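Working through the structure, step by step
Here's the letter readout for the chains.
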Amino acid sequence: MINAALKVFSKNSYRHASTDEVVKEAGISKGLLFHYFGSKAGLYEFLFDYSVRFMLLELSREVDRSETDFFELIRQMERARMQVMKLYPYMQQFLNLCLKETCPEAERIAERRADYEERMLSYTRQPDYSVFAGIGEPERALGLVRYTIAGITEEMSGRYDFTPEKLYEEICSYLDILRRMTYPDLRSALPTEKEEHDL
């Protein structure tokens, strides 16, 4: 039931998500859905609270709060997301959409949503950003990594052989490239244009 609801809400805004579609996806009666959650808004609130608790729990298990290496921290966070995706493929997508919702029903979780955003932002304050001093603003570096991960996720999610493990492996390979491009002591390890041509 949870996965079915996460799927429906993640693929639609709150306003366009249908409880009829949820019960069809879950293979349950509408009466049973309303028995447990009371209303569509009640289901939405439950999903948000459950997803936040689950996501933060996995992050607490995978992320070392003393880690200051930017790329290692991102790797640990992506490993946590991979573990979540194994059980709940649409949970991250649902949470991302929740943060953008503007409908009145979303205001019912406004305070909890702000708390979740702050908890997630705390991870971005953890690393040492001085390594980016020679190549640009830390905010743009973080944006570059976010856009890269989002693009990889979107591209790979549509593949017939998609698995969370394959997504994690691909993301890590890109993080390794970005890490070598960023850290001065590793730039010499990058292949030259001629070496790339010879490969």
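- For the chain, the name recorded in an unreviewed UniProt entry is TetR/AcrR family transcriptional regulator, with Candidatus Eisenbergiella merdigallinarum as its organism.

**A few points about the layout of surface pockets**
- Taken as a whole, the largest pocket encloses approximately 1,400 Å³ of empty space.
- Along the walls of the largest pocket sit 44 residues, with Arg81, Gln92, Gln93, Asn96 and Ile149 positioned nearest its centre.
- By residue number, the principal contributor to the lining of the largest pocket is helix α5 (residues 70–87), which donates ten residues.

**Description of the packing of helix α4 (residues 40–62) against helix α6 (residues 91–98)**
- The interhelical angle for the contact between α4 and α6, taken along N-to-C directions, is 115 degrees, at an axis separation of 10 Å. Two packed elements cross with a definite hand, and for α4 against α6 that hand is left-handed. Two secondary-structure elements touch here, α4 through Tyr44, Leu47, Phe48, Tyr50, Ser51, Val52, Phe54 and Met55 and α6 through Met91, Gln92, Phe94, Leu95 and Cys98.
- Counted by class, the contact of α4 with α6 contains eleven nonpolar, two polar and no charged residues.

**Let's talk about the packing of helix α1 (residues 2–11) against α6**
- Interhelical geometry of α1 versus α6 gives an angle of 45 degrees and a closest axis separation of 8 Å. The angle between the axes of α1 and α6 places the two elements in the oblique class. Regarding α1 and α6, the two cross each other, and that crossing is left-handed. Here α1 contributes Leu6, Phe9 and Ser10 to the contact with α6, which in turn contributes Met91, Gln93, Phe94 and Leu97.
- For the contact of α1 with α6, the class distribution of residues is five nonpolar, two polar and no charged.

**Regarding the packing of aromatic side chains**
- Applying the stated criterion across every chain yields a total of 17 aromatic pairs.
- Aromatic pair Phe9 and Tyr14: ring centres 6.0 Å apart, planes at 20 degrees, arrangement stacked.
- Among the aromatic side chains, those forming a connected cluster through ring pairs are Tyr36, Phe37, Phe46, Tyr50, Phe54 and Tyr88.
- One residue, Lys40, lies across the ring of Tyr14, its end atom 4.6 Å from the ring centre.
- One Lys or Arg, Arg65, reaches over the ring of Tyr123 and ends 4.1 Å from the middle of that ring.

**Points about the UniProt feature "domain: HTH tetR-type" (unreviewed entry) in the chain**
- The UniProt feature table records "domain: HTH tetR-type" (unreviewed entry) at residues 1–55.
- The distance from the first to the last C-alpha atom of residues 1–55 is 18 Å, and the span holds 76% helix and 0% strand.

**A closer look at a nonpolar patch on the surface**
- Where nonpolar side chains cluster on the molecular surface, the patch consists of Met1, Leu32 and Tyr36 and spans about 290 Å² of accessible area.
- Following the sequence through the fold, Leu32 ends up in helix α3 (residues 30–37).
- Taking relative accessible area as the criterion, Leu32 reaches 32% and is therefore assigned partly exposed.

Cut-offs used in this document
- Residues numbered from 1 in each chain as written.
- Predicted model: local features only at pLDDT ≥ 70, side-chain atom pairs only at ≥ 80, totals over all residues.
- Heavy atoms only, no water.
- 1 Å grid on protein atoms, 1.4 Å probe; cavity = no way out; pocket = protein on both sides within 12 Å on 5 of 7 lines; lining within 4 Å.
- Points joined across faces, edges and corners; volume = space filled by probe spheres on them.
- Helix = DSSP H or I, 4+ residues; strand = E, 2+ residues; numbered from the N terminus.
- Axes fitted to C-alpha atoms, helices over the stretch in contact; angles between N-to-C directions.
- Left-handed = near helix turned anticlockwise from the far one by under 90°.
- Contact = heavy atoms within 4.5 Å.
- Nonpolar A, V, L, I, M, F, W, Y, C, P; charged D, E, K, R; others polar.
- Parallel < 35°, antiparallel > 145°, perpendicular 65-115°, else oblique.
- Phe/Tyr/Trp six-rings, centres within 6.5 Å; stacked < 30°, edge-to-face > 60°.
- Lys NZ or Arg CZ within 6 Å of the ring centre and 35° of its normal.
- UniProt positions renumbered as here; feature names shortened; annotations may be inferred.
- Patch = residues over 30% accessible without salt bridge, like charges linked within 9 Å, V, L, I, M, F, W, Y side chains within 5 Å.
- Areas by Shrake-Rupley, 256 points an atom, 1.4 Å probe, with all protein chains shown as cover.
- Salt bridge = Lys/Arg side-chain N within 4 Å of Asp/Glu carboxyl O.
- Buried < 20%, exposed > 50% of the residue type's maximum accessible area, 1.4 Å probe, protein only.

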